[in-house]
Amino acid sequence: MEKKNITSLLITGVAGGAIALGGSAIYQNMTNTSTANNNANSSVNTVNVQVNTDTTKAIKKISNTVVSVLNYQKSSSNSDLERIFGNENNNNNNNNDSNNPQLAGEGSGVIYKKDGNTAYVVTNYHVIEGASSLEVLMAGGQKVTAEVVGSDAYSDLAVLKIDAKYVKETATFGNSDKLTVGEPAIAVGSPLGSEYANSATEGIVSSLNRNVVLQNNQGQTINVNAIQTDAAINPGNSGGALINIQGQVIGITSSKITSTPSGTSSNGVSVEGMGFAIPANDVVNIINKLEKDGKVIRPALGVQMVNLSSLSQNMLASLNLPENVTSGVAIAEVQSGMPAAKAGLKKGDVIVKINDDEVTSSVNLQSTLYKSSIGDTIKVTYYRDGKQATANIKLDKTNSDINFDKQN
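Residues numbered from 1 in each chain as written. Predicted model: local features only at pLDDT ≥ 70, side-chain atom pairs only at ≥ 80, totals over all residues. Heavy atoms only, no water.

## Some remarks on the overall build of the protein chain
Stage number 1. The helix and strand inventory of the protein chain stands at 8 helices and 25 strands.
Stage number 2. Within the protein chain, buried positions represent 46% of all 408 residues.
Stage number 3. In the protein chain, the proportion of contacts linking residues at least 24 apart, taken out of those at least 6 apart, comes to 68%.
Stage number 4. When the accessible surface of the protein chain is totalled, it reaches about 20100 Å², and 43% of it is carbon and sulfur. (Helix = DSSP H or I, 4+ residues; strand = E, 2+ residues; numbered from the N terminus. Buried < 20%, exposed > 50% of the residue type's maximum accessible area, 1.4 Å probe, protein only. Contact = heavy atoms within 4.5 Å. Areas by Shrake-Rupley, 256 points an atom, 1.4 Å probe, with all protein chains shown as cover.)

## With respect to the pattern of salt bridges
Stage number 1. Counting across every chain of the model gives 5 salt bridges.
Stage number 2. For E291, the salt bridge goes to K113, with nearest N and O atoms at 2.8 Å. With E291 in helix 5 (residues 280–293) and K113 in strand 6 (residues 101–115), this residue pair connects regions lying 178 residues apart in the sequence.
Stage number 3. Of the charged contacts in the structure, one is a salt bridge between R298 and D152, with a shortest N-O distance of 2.3 Å. Linking R298 in the loop between helix 5 and strand 17 (299–300) with D152 in strand 9 (residues 143–152), this pair joins segments that are 146 residues apart in sequence. (Salt bridge = Lys/Arg side-chain N within 4 Å of Asp/Glu carboxyl O.)

## A word on the sheet that holds strand 7 (residues 118–123)
Stage number 1. One closed barrel holds the 6 strands; their spatial order is 5-6-7-10-9-8, and the pairing between them is antiparallel. Here the strands of the sheet are splayed against their neighbours by 40° on average, with no regard to which way each runs.
Stage number 2. Inspection of the sheet shows strand 7 paired to strand 10 (residues 157–163) by 6 bridges, in the antiparallel sense. Looking at the pairing, T123 lines up with A158 of strand 10.
Stage number 3. Sheet contacts for helix 5: strand 6, strand 7, strand 9 and strand 10; angle to strand 10, the most-contacted strand, approximately 60°. (Pairing = 2+ DSSP bridges. Axes fitted to C-alpha atoms, helices over the stretch in contact; angles between N-to-C directions.)

## A closer look at the confidence of the model for the protein chain
Stage number 1. Of the residues in the protein chain, 76% reach a pLDDT of 70 or more, and the chain-wide mean stands at 82.
Stage number 2. Within the model, pLDDT remains below 50 along residues 78–85, and this stretch shows 10 contacts once partners closer than five positions in the same chain are excluded.
Stage number 3. In this model, residues 87–95 is a region of pLDDT below 50 whose contacts with residues beyond four sequence positions or in other chains number 7 contacts. (pLDDT = per-residue confidence, 0-100.)

The structure is reproduced here in structure tokens:
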């Protein structure tokens, strides 16, 4: 995957990586035992240490809710297991080889809800993409059949359901709008797949509102408003939990930068410690819709946009903006018949706010817009020829799997 003109990204849905757990330890209830040798000249000391830190408490709180997600797909060839058990030479089974699903990939997931006999798991769309069947490996080692409740390629999220009898605990989401750069961040998931299930890595929240540009397997370009972290995230971690020091899920891990292409300022170097997670507040918004409808039908303004930060000084001057307006999105094109056009917005208008939320980029605008539903009326604040204006826009129904507000 490539971040536009800057980075190569790896969607971390299928297995890879090592674990490292950081954090200082507080030692409590220490007891010493000594064993003397026969000559009584030396002794071997062993120390029993009870480690109880904020980090260990957070991991303990979340660990039973993080699972491995196993993606099985139909294959036309026999697996090693089939050959071992003789299916290759069994004429009665030869015609059914293509119906025997093989393990195609592994990712992670988080159990977030239990309702009656059903429990719900959130994961990435790319973890379950192409599956003919799915299984969830619980923290306790049980393999459980999973079914897709709903999925959304654009946000790279999916909701699965499993039998609730296997579930004792569910995760709690934290408010990702209240995160602070530099606060601890812990990733829990299955790097390298289920063999290393429930691995934990620790780092910090490196940055917020990162514009990460991905391309999914359907060829769609996805602009993700992401949390950046230096906690190790590897293939297999996708769909797992990024948690705060309270053990609350602040994001669903999804991708990492692996290298920068040659010809950039970074000269094609390999990259470490740059992973990304979908913010919890965005996740909650999407999974609620997936539970209800099985898909996400998003509102759209019907505009093509460009970030002010991407414009040259000459282009900015042509917009005649006040000096204090330094962020927002400029409209490059308005689609006829869509909500923005109906409300009178024009090419060259600069959107700076939707309702009470500041608009700083096209990704930020999309994230803010998607908090609203079809039929809602939003207030858009914008500048035209240096003067501030507002427009009340009623959002129409549009299928964002194909059509959504785009950045030029």
